[in-house]
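In case you want the letters, here they are:
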Amino acid sequence: MLKIENLHAGVEDKSILKGINLEVKAGEVHAIMGPNGSGKSTLSSVIAGKEEYEVSEGHIIFEGEDIEELEADERAHKGIFMSFQYPVEIPGVSVTNFIKTAINETRKAKGLEDMPAKDMLKLIREKSDLLEIDRKFLSRSLNEGFSGGEKKRNEIFQMAMLEPKLAILDETDSGLDIDALRIVANGVNKLKSKNNAVIVITHYQRLLDYIVPDYVHVLHNGKIVKSGSKELAHELEEKGYDWIKEEVGA
Amino acid sequence: MDLKEKLLSSFLVFENQTEIDSYVSDVRNDAIKMFEKKGFPTKKDEAWKYTSLNKLLKEDYSVFPKQENALEYRDVEKYFIHDIDSYKIIFVDGKYSSHLSETTHDGLDVCLMSAALNKPKYRLVIENYFNKAATTDSLPSLNTAFSKEGAYIHIPKGKIIEKPIQIIHFSTGNESATMLQPRNLIVVEENSHVQIIECHQSLTSNPVLTNSVTEIFAKKRAIVDYYKIQNDTQEASLIDNTFIKQKQESIVSVHTFSFGGKLIRNNLNFYQEGERIDSTLKGVTIIGNKQHVDHNTLVHHIEPNCESHQDYKGIFGDSATGVFNGKVVVEKEAQKTNAFQANNNILISDKATINTKPQLEIFADDVKCSHGCTVGQLDESALFYMRSRGIPEKEAKALLMYAFSNNVLSSVKIPELKHRITKIIANQLGVNIGFDL
């Protein structure tokens with residue numbers, strides 16, 4: 001589904017990613033872990049198509065197509081979704097209006113008609129129940145005055161509505177208490193299928209108790225320095241990141 | 001002959017043609033003298049520093065456009081707000097169009113200024129209110145001198161008028177350039193409530209200059225909601241002079257939506273002549289090309305315990321220019337005044353300009369007054385967030401701009417009107433999305 005080959009990227013003159021190789025197949029869950037400043041968030045932003053990052057070398061191939069030249073919205077139309085570490089507050093646009101616009105613009109890009117209002121409502125009901133979201137919440141301005149937990153739940157709600165092929169969860173666990181974490185993880189697990197894939201980007205092992213990865217990768221200094229099974233996450237939790245740094249001689 | 005001379009010589013003809021009682025005649029004669037003395041405002045006048053009328057005044061306007069232009073309902077249907085039952089006062093090239101209008105004298109007067117100026121039964125109201133709110137500045141004076149036609153609305157005590165009143169001025173372009181000077185008088189007596197929608201619409205690309213004066217009197221506990229839709233062609237210009245006198249506990253709001261037109265100047269003046277008065281002035285301006293929209297507001301707090309709320313949003317693209325000059329005067333007696341003013345602007349092009357200037361003159365010591373103006377660009381992180389959800393750049397920008405205007409739109413009390421404005425905004429931003437879910 002996603003193949004990243006020798007990816008180098010950065011902001012202006014600063015190089016952040018220094019040769020990432022990663023392959024994610026349908027049905028898999030990958031966790032990317034690493035200390036602060038290792039390039040985790042840059043990697044997710046680059047896959048999602050944030051313009052301020054410059055790709056200097058390498059390729060991002062999604063379903064056989066090099067997506068490097070595609071705009072963020074075109075990537076979304078192809079089925080790439082990123083849950084933001086810091087969801088942006090947009091006063092004046094309600095959650096419902098936002099998601100409705102996102103769905104209909106995605107349908108438009110695929111040559112489909114707008115989703116009938118009735119179906120939209122039904123879908124919204126179904127997915128908000130899944131994430132245990134109060135309906136009143138949906139008419140509020142997007143992320144404005146939301147608590148950390150509400151923001152993250154809202155991200156996963158949008159993911160549930162858009163049904164992406166590839167979901168990248170960027171530090172979704174940060175700012176969540178244990179109940180919210182459980183709801184979010186439960187939502188993600190219910191949405192998982194053999195046809196889609198998830199990349200969980202996290203600093204801590206905590207979320208991985210709920211969303212169990214098939215593979216764990218350790219990102220350090222812009223490179224994946226170690227890959228392994230879910231046991232690797234436990235090891236990192238126990239020992240921290242220092243031993244990896246020593247191992248790779250950084 | 002320049003426009004001023006032309007107008008001055010036209011006045012003699014005009015005055016000879018009209019039979020009118022002496023009160024109005026005197027008012028007009030004083031007004032033309034005032035205009036003669038002051039002339040058109042120039043950039044040297046502080047209040048016109050950022051808005052120049054020079055180019056507009058060079059046109060050779062026809063001051064009395066040809067009469068009787070047959071305009072069929074189907075030609076102008078789209079400019080009406082249909083989905084509401086409403087009274088309609090419709091003018092074509094400055095002349096009243098009876099077959100497009102729907103007036104009434106049944107319990108309230110929704111009719112023509114010309115009728116009110118000529119018929120004895122209106123004399124008392126005319127003498128009490130006509131030209132009693134308008135200032136003697138040059139453009140209101142010019143309008144007063146030529147005042148003849150417009151809307152006359154008189155709501156007696158204790159009436160809640162369910163049907164909004166639409167005032168629409170069409171110009172058909174049967175002259176190469178037309179100058180119009182509509183004059184509206186609106187008197188809302190105690191405990192009455194009325195909603196009014198006003199718009200000016202040119203039907204061709206021939207230049208039109210409208211210098212309009214509206215006087216509104218809101219008596220004790222009256223409620224007036226006034227909406228101005230300024231969505232005219234790129235060759236039409238409007239100088240709107242609106243004067244509002246409010247009595248005790250009255251609530252008046254004016255919403256101004258400016259999307260079209262070449263040059264628009266809104267002189268909006270509120271005078272609070274009683275206690276516990278509430279005045280609201282709100283506006284959304286979304287313009288591009290070389291359009292120019294100038295909001296010049298005044299709220300005069302004269303008595304204690306009153307409030308005013310100003311909220312103007314502007315989005316300027318291409319080489320468009322915006323001006324906001326908001327003056328709030330709080331007299332010494334006007335203690336416990338709450339006056340708020342906000343003017344927020346987004347520039348979406350490097351060549352667009354906004355000149356914004358709050359002006360507070362506070363002589364009372366126990367008041368709450370706040371003002372704030374901002375000039376910014378669209379939030380890039382919000383744009384990326386929206387795009388990452390599949391909303392293309394143009395639509396994402398439009399949604400952000402709509403959201404930016406939403407504070408003003410949300411207080412529009414007629415849902416059908418709000419829907420219409422939302423559609424105009426979508427059209428203005430070149431997108432086909434329903435904002436108002």
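All figures in this text were calculated on a predicted structure; none of them were measured in a lab.

Overview of the overall build of chain B
No. 1: Summing up its helical and strand segments, chain B has 10 helices and 20 strands in all.
No. 2: Computed over its C-alpha atoms, the radius of gyration of chain B comes to 21 Å, within 12% of the 22 Å expected for a compact globule of 437 residues.
No. 3: The principal-axis extent of the C-alpha atoms belonging to chain B is close to 70 × 55 × 45 Å.
No. 4: Within the structure as shown, chain B displays about 17,300 Å² of accessible surface, and the carbon and sulfur contribution to it stands at 47%.
No. 5: Averaging the positions of the 51 positive and the 56 negative side-chain charges in chain B gives two centres separated by 2 Å.

Let's talk about the packing of helix α6 (residues 148–162) of chain A against helix α7 (residues 178–191) of chain A
All names here are of chain A.
No. 1: Where α6 meets α7, the axes come as close as 10 Å, and the angle between the chain directions of the two elements is 10°. Viewed along their axes, α6 and α7 adopt a mutual orientation that is roughly parallel. Two secondary-structure elements touch here, α6 through Lys152, Arg153, Ile156, Met159 and Ala160 and α7 through Ile183, Val184, Val188 and Leu191.
No. 2: Of the residues assigned to the contact of α6 with α7, the class counts are 7 nonpolar, no polar and 2 charged.

Regarding the UniProt feature "domain: ABC transporter" (unreviewed entry) in chain A
No. 1: In the numbering used here, UniProt assigns the "domain: ABC transporter" (unreviewed entry) feature to residues 2–246 of chain A.
No. 2: In this annotation, residues 2–246 of chain A is assigned 38% helix and 29% strand; the end-to-end C-alpha distance for the span is 30 Å.

Focus: the layout of surface pockets
Any empty space left between atoms is shown by rolling a water-sized probe over those atoms.
Residue and element names in this part refer to chain B.
No. 1: Space inside the largest pocket adds up to approximately 530 Å³.
No. 2: Lining the largest pocket we find 26 residues, and of these Ala47, Trp48, Asp137, Arg265 and Asn296 sit closest to its centre.
No. 3: Breaking the lining of the largest pocket down by element, the ones donating at least two residues are α7 (138–145), β11 (236–246), β13 (263–272), β15 (292–301), β17 (321–330) and β19 (353–362).

Focus: the interface of chain A and chain B
No. 1: Contact residues are listed per partner, giving 35 residues for chain A and 24 residues for chain B.
No. 2: With both chains or domains summed, chain A and chain B bury close to 2,300 Å², and 64% of this area falls on carbon and sulfur atoms.
No. 3: For the pair chain A and chain B, the number of links is 4 salt bridges.
No. 4: A salt bridge links B:Arg387 to A:Glu51, with the nearest nitrogen and oxygen atoms 3.4 Å apart.
No. 5: There are 11 residue pairs in polar contact (both at pLDDT 80 or more) connecting chain A and chain B.
No. 6: Elements with a contribution of two residues or more to the side of chain A that touches chain B: α2 (72–78), β6 (80–83), β7 (90–94), α3 (95–109) and α6 of chain A.

Here's the deal with the sheet that holds strand β1 (residues 2–11) of chain A
No. 1: Taken in spatial order, the 4 strands make up an open sheet running β2-β1-β4-β5 (chain A), and their pairing is antiparallel. The open sheet has two edge strands with one neighbour each: β2 (14–24) and β5 (65–66) of chain A.

What to know about the state of the cysteines
Residue and element names in this part refer to chain B.
No. 1: Counted under the stated rule, the structure contains 0 disulfides over all chains.
No. 2: Of the cysteine sulfurs around cysteine 199, a residue in no disulfide, the closest is that of cysteine 111, at 20 Å.
No. 3: A residue is classified by how much of its surface remains accessible, and cysteine 199, at 12% relative accessible area, is buried.
No. 4: Among the cysteines around cysteine 373, which has no disulfide bond, cysteine 369 carries the closest sulfur, lying 15 Å off.
No. 5: Accessibility expressed as a relative area gives 35% for cysteine 373, which makes it partly exposed.

Focus: the packing of aromatic side chains
No. 1: Inspection of every chain in the model, using the stated rule, returns 18 aromatic pairs over all chains.
No. 2: For the pair A:Phe98 and B:Tyr385, a centre-to-centre distance of 5.8 Å together with 0° between the ring planes defines the contact as stacked. Here the residue A:Phe98 occupies a position in helix α3, and B:Tyr385 occupies one in helix α8 (residues 380–387), the pair thus bridging two chains. Note on accessibility: A:Phe98 and B:Tyr385 belong to one class, buried.
No. 3: Grouping aromatic residues by their ring pairs yields a cluster made of A:Phe84, A:Phe98, B:Phe384 and B:Tyr385.
No. 4: One Lys or Arg, B:Lys163, reaches over the ring of B:Tyr87 and ends 4.3 Å from the middle of that ring.
No. 5: Taking the ring centre of B:Trp48 as reference, the NZ or CZ of B:Arg265 above it sits at 3.7 Å.

Section: the packing of helix α2 (residues 22–38) of chain B against α7(B)
Residues and elements named next belong to chain B.
No. 1: Contact geometry of α2 with α7 gives a least axis separation of 8 Å together with a crossing angle of 140°. It follows that α2 is oblique to α7 by the angle criterion. The two elements α2 and α7 meet at a crossing, and its hand is left-handed. Packed against α2, whose contacting residues are Val27, Arg28, Ala31, Ile32, Met34, Phe35 and Lys38, the element α7 presents Ser138, Ser141, Leu142, Thr144 and Ala145 at the interface.
No. 2: Here the contact of α2 with α7 is built from residues that sort into 7 nonpolar, 3 polar and 2 charged.

Definitions and limits used
- Residues numbered from 1 in each chain as written.
- Chains lettered and ligands numbered in written order.
- Predicted model: local features only at pLDDT ≥ 70, side-chain atom pairs only at ≥ 80, totals over all residues.
- Heavy atoms only, no water.
- Helix = DSSP H or I, 4+ residues; strand = E, 2+ residues; numbered from the N terminus.
- Rg over C-alpha atoms; globule rule 2.2 N^0.38 Å.
- Areas by Shrake-Rupley, 256 points an atom, 1.4 Å probe, with all protein chains shown as cover.
- Lys, Arg positive; Asp, Glu negative; His and termini not counted.
- Charge placed at Lys NZ, Arg CZ, Asp CG, Glu CD.
- Axes fitted to C-alpha atoms, helices over the stretch in contact; angles between N-to-C directions.
- Parallel < 35°, antiparallel > 145°, perpendicular 65-115°, else oblique.
- Contact = heavy atoms within 4.5 Å.
- Nonpolar A, V, L, I, M, F, W, Y, C, P; charged D, E, K, R; others polar.
- UniProt positions renumbered as here; feature names shortened; annotations may be inferred.
- 1 Å grid on protein atoms, 1.4 Å probe; cavity = no way out; pocket = protein on both sides within 12 Å on 5 of 7 lines; lining within 4 Å.
- Points joined across faces, edges and corners; volume = space filled by probe spheres on them.
- Buried area = accessible area lost by both parts, 1.4 Å probe.
- Salt bridge = Lys/Arg side-chain N within 4 Å of Asp/Glu carboxyl O.
- Polar contact = N/O pair within 3.5 Å; in protein donor to acceptor, adjacent residues only side chain to side chain.
- Pairing = 2+ DSSP bridges.
- Disulfide = S-S within 2.5 Å.
- Buried < 20%, exposed > 50% of the residue type's maximum accessible area, 1.4 Å probe, protein only.
- Phe/Tyr/Trp six-rings, centres within 6.5 Å; stacked < 30°, edge-to-face > 60°.
- Lys NZ or Arg CZ within 6 Å of the ring centre and 35° of its normal.
- Left-handed = near helix turned anticlockwise from the far one by under 90°.

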